[in-house]
Amino acid sequence: MTIAPSLPYIPRTERPDSDLQRATVRFGGLYLVAVFLSSSLLWGLAGTDPIESAIGKVFLLAAAALLAALLTALLIRLQALALPVKSALCFVLSLVGGVLYCLIDYVIYIVCVYPEPAIWDNQIAAYVMIHGTSLFFGWSCLFLALSYSFELRDRERRLAQMREEAMAAQMRALRYQLNPHFLFNTLNSMAGLIEEGERDDARDMVLSLSAYLRTTLALDPLQDLLLEEEIALQAGYLAIERRRFSDRMRVEIDVPEALREVLVPSLILQPLVENAVKHGAGRKTGSVAIVIRARAEAGRLRLDVENDMAGGDPLPGSESFGIGLKNVGERLSRRFPGVSGLDYGRTDDGRFRVTLTMPFRTA
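As recorded by an unreviewed UniProt entry, the chain carries the name Histidine kinase and is attributed to Shinella lacus.

Following this line, the structure appears as structure tokens:
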């Protein structure tokens, strides 16, 4: 049996940590390029030749990149701290980085003016220290914002995954809530056939029940079936039930050839067919018809399940109908929110009809 998947599974091949690392490297490179260009422009306006000072600035920024990497590694290790604590820590570390930045700048200055003596200017040193502190504090704030954005995205992804898993579990619970009366009645019918000496019929019934249960339990409730496969499963179920009711139950299946490859949720008709048997052949004397019909209407698929009913039989919504209709309605609303429907009621000829509507989808 070919089963078409309804919800594609996309494996998570990348961890959020690796995403953050790549983003940190990428933004760090852009940050250094922006600092280099802006400092070249500003020092150029101040009278320093940007070409002559380029080599010195490259070495200075390389040292700044190393210090920023150490600062980032420390912030990652202290990620569990509260935001105010981390903010204060960023300022202190940036201040320390500014001092080191100033010293490295002075060493580069000594190398650049050699063999001329280097002159220490407190005012220039203060400017360089402020510049370095601002440089590292700006990067710290940028990294914290980047880290929190990835953490928020990861939380949202995990929350969405948890919601999807919870929905899948609920869908499976709804799907596996089959009517136990079917099994009880079938087993009782087998026992009756054995007592009557109809061993061949009892054996055929056991084999039919075994094949039906093996097939249905192997289906994934989150996957779709071709309509012809769904109808074949229901026909197998009805064949088992027909052995119980001998010739009283008549089954009519009206599915146009053009609709046989339309996709439907697996076993979506099962509770409806169970109810049709229970409230049709199970309660009405004489011949009982059970009809399964499929139609295409305005770009949507319509499925009808009809059955003859006894005159005093209650309508769905009462306790006697159990949870079958409710489960089908919940499965449809969760599978196709806003674009599916379930209607039921008596027809003019005294039958009871349940109508399902859902999007028209092909394999």
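J.: Please provide a residue-by-residue account of the packing of aromatic side chains, values included.
T.: Two aromatic rings, taken as a pair, are described by how far apart their centres are and by the angle between their planes. Scanning the model with the defined rule gives eight aromatic pairs in all. Note on Phe91 and Phe137: the rings are 6.1 Å apart at their centroids and 80° apart in plane angle, and the pair reads as edge-to-face. With Phe91 in helix α3 (residues 83-113) and Phe137 in helix α4 (residues 122-175), this residue pair connects regions lying 46 residues apart in the sequence. On the accessibility criterion, Phe91 (44% relative accessible area) is partly exposed. When the centroid spacing of 5.9 Å and the interplanar angle of 45° are considered together, the rings of Tyr212 and Tyr237 count as tilted.

J.: So what about the sheet that holds strand β8 (residues 351-359)? Which residues, and what values?
T.: Overall, mixed pairing links the five strands, which are arranged β3-β5-β6-β8-β7 in an open sheet. With partners counted over all chains shown, the strands left at the sheet margins are β3 (249-254) and β7 (341-346), one partner each. Within the sheet, the average angular offset between the axes of one strand and its neighbour, ignoring direction, is 10°. As paired elements, β3 and strand β5 (residues 288-297) share six bridges and run parallel to each other. Pairing of Ile253 across the sheet is with Ile292, part of β5. Running at roughly 175° to β3, helix α7 (residues 227-244) makes contact with β3, β5 and β6 (300-308) of the sheet. Contacts between helix α8 (residues 270-279) and the sheet are confined to β3, β5, β6 and β8, with β6 contributing the most and set at about 20° to the helix.

J.: Help me get a handle on the nonpolar core, residues and values and all.
T.: Generally speaking, a soluble globular protein has its nonpolar side chains buried in company with each other. Among the nonpolar cores identified, the biggest contains 40 residues, and Leu227, Leu238, Leu269, Leu272, Leu303, Leu356 and Met358 are the most heavily contacted of them. Elements with a minimum of two residues in this core: α5 (180-195), α6 (199-217), α7, α8, β5, β6, α9 (324-335) and β8. When residues in this core are grouped by element, the largest group, five residues, is from α7. Setting aside residues up to four positions removed in sequence, Leu238 forms contacts with Met249, Val251, Val273, Val277, Ile290 and Ile292. Ranked by size, the runner-up nonpolar core spans 19 residues in total, among them Leu61, Ala125, Val128 and Phe136.

J.: Residues and numbers for unusual backbone geometry, please.
T.: The phi angle of most residues is negative, glycine excepted, and most peptide bonds adopt the trans form. You will see that Leu267, though not glycine, has its phi angle at about 55°, which is positive. Relative to the helices and strands, Leu267 resides in the loop between β4 (263-265) and α8. The backbone of Ala298 sits at a positive phi, close to 55°, despite the residue not being glycine. Counting through the fold element by element, Ala298 comes out in the loop between β5 and β6.

J.: An account of the pattern of salt bridges is needed here, citing residue identities and associated values.
T.: Counted under the stated rule, the structure contains 16 salt bridges. Residue Arg155 pairs with Glu151 through a salt bridge whose shortest N-O separation is 2.8 Å. Taken together, the residues span about one helical turn, with Arg155 and Glu151 both in helix α4 at a distance of four residues. On the basis of relative accessible area, Arg155 is assigned to the partly exposed category, the value being 48%.

J.: For α9, give the residues involved together with the corresponding values.
T.: Taking 1.5 Å of rise per residue, the twelve residues of α9 would be expected to cover 16 Å, and the 17 Å separating its terminal C-alpha atoms lies within 8% of that figure. For α9, the complete set of buried residues consists of Gly324, Leu325, Asn327, Val328, Arg331, Leu332 and Arg335. Around the axis of α9, the buried residues are gathered within 165° of arc, so they sit on the same side.

J.: With reference to specific residues and values, describe the UniProt feature "transmembrane region" (unreviewed entry) in the chain.
T.: According to UniProt, the positions carrying the feature "transmembrane region" (unreviewed entry) are residues 25-46, 58-76, 88-112 and 124-148. Overall, residues 88-112 shows 100% helix and 0% strand. The separation of its end C-alpha atoms is 36 Å. Secondary structure across residues 124-148 divides into 100% helix and 0% strand, with the first and last C-alpha atoms of the span separated by 36 Å.

J.: Give a detailed account of a negative patch on the surface, specifying residues and quantitative values.
T.: On the surface, a cluster of negative charge is contributed by Glu195, Glu196, Glu198, Asp200 and Asp201. Positionally, Glu196 belongs in the loop between α5 and α6.

J.: Account for the environment of Arg335, with residues named and values stated.
T.: For Arg335, a relative accessible area of 18% translates into the label buried. Along the sequence, Arg335 and Pro265 sit 70 residues apart, while their C-alpha atoms lie 8.3 Å from each other. Engagement of the side chain of Arg335 in a polar contact is seen with the side chain of Asp224, the distance being 3.0 Å.

J.: Any details on the pairing of β6? Residues and values, ideally.
T.: Within β6, seven of the nine residues are buried, which leaves it mostly tucked inside the rest of the structure. In this structure, β5 lies alongside β6, joined through eight bridges in antiparallel fashion. The residue bridging Val291 from the neighbouring strand is Glu306, located in β6. The antiparallel pairing of β5 with β6 creates a hairpin that spans two residues between the two strands, and Ala298 there sits at a positive phi of about 55°. Here β6 runs beside β8; their pairing, made up of nine bridges, is antiparallel. Bridge assignment links Leu303 to a residue of β8, and that residue is Leu356.

Rules behind the numbers
Residues numbered from 1 in each chain as written. Predicted model: local features only at pLDDT ≥ 70, side-chain atom pairs only at ≥ 80, totals over all residues. Heavy atoms only, no water. Phe/Tyr/Trp six-rings, centres within 6.5 Å; stacked < 30°, edge-to-face > 60°. Helix = DSSP H or I, 4+ residues; strand = E, 2+ residues; numbered from the N terminus. Buried < 20%, exposed > 50% of the residue type's maximum accessible area, 1.4 Å probe, protein only. Pairing = 2+ DSSP bridges. Axes fitted to C-alpha atoms, helices over the stretch in contact; angles between N-to-C directions. Contact = heavy atoms within 4.5 Å. Core = buried A, V, L, I, M, F, W, Y, C linked by side-chain atoms within 4.5 Å. Salt bridge = Lys/Arg side-chain N within 4 Å of Asp/Glu carboxyl O. Expected span 1.5 Å × (residues − 1). Arc of directions from axis to C-beta. UniProt positions renumbered as here; feature names shortened; annotations may be inferred. Patch = residues over 30% accessible without salt bridge, like charges linked within 9 Å, V, L, I, M, F, W, Y side chains within 5 Å. Areas by Shrake-Rupley, 256 points an atom, 1.4 Å probe, with all protein chains shown as cover. Lys, Arg positive; Asp, Glu negative; His and termini not counted. Charge placed at Lys NZ, Arg CZ, Asp CG, Glu CD. Polar contact = N/O pair within 3.5 Å; in protein donor to acceptor, adjacent residues only side chain to side chain.

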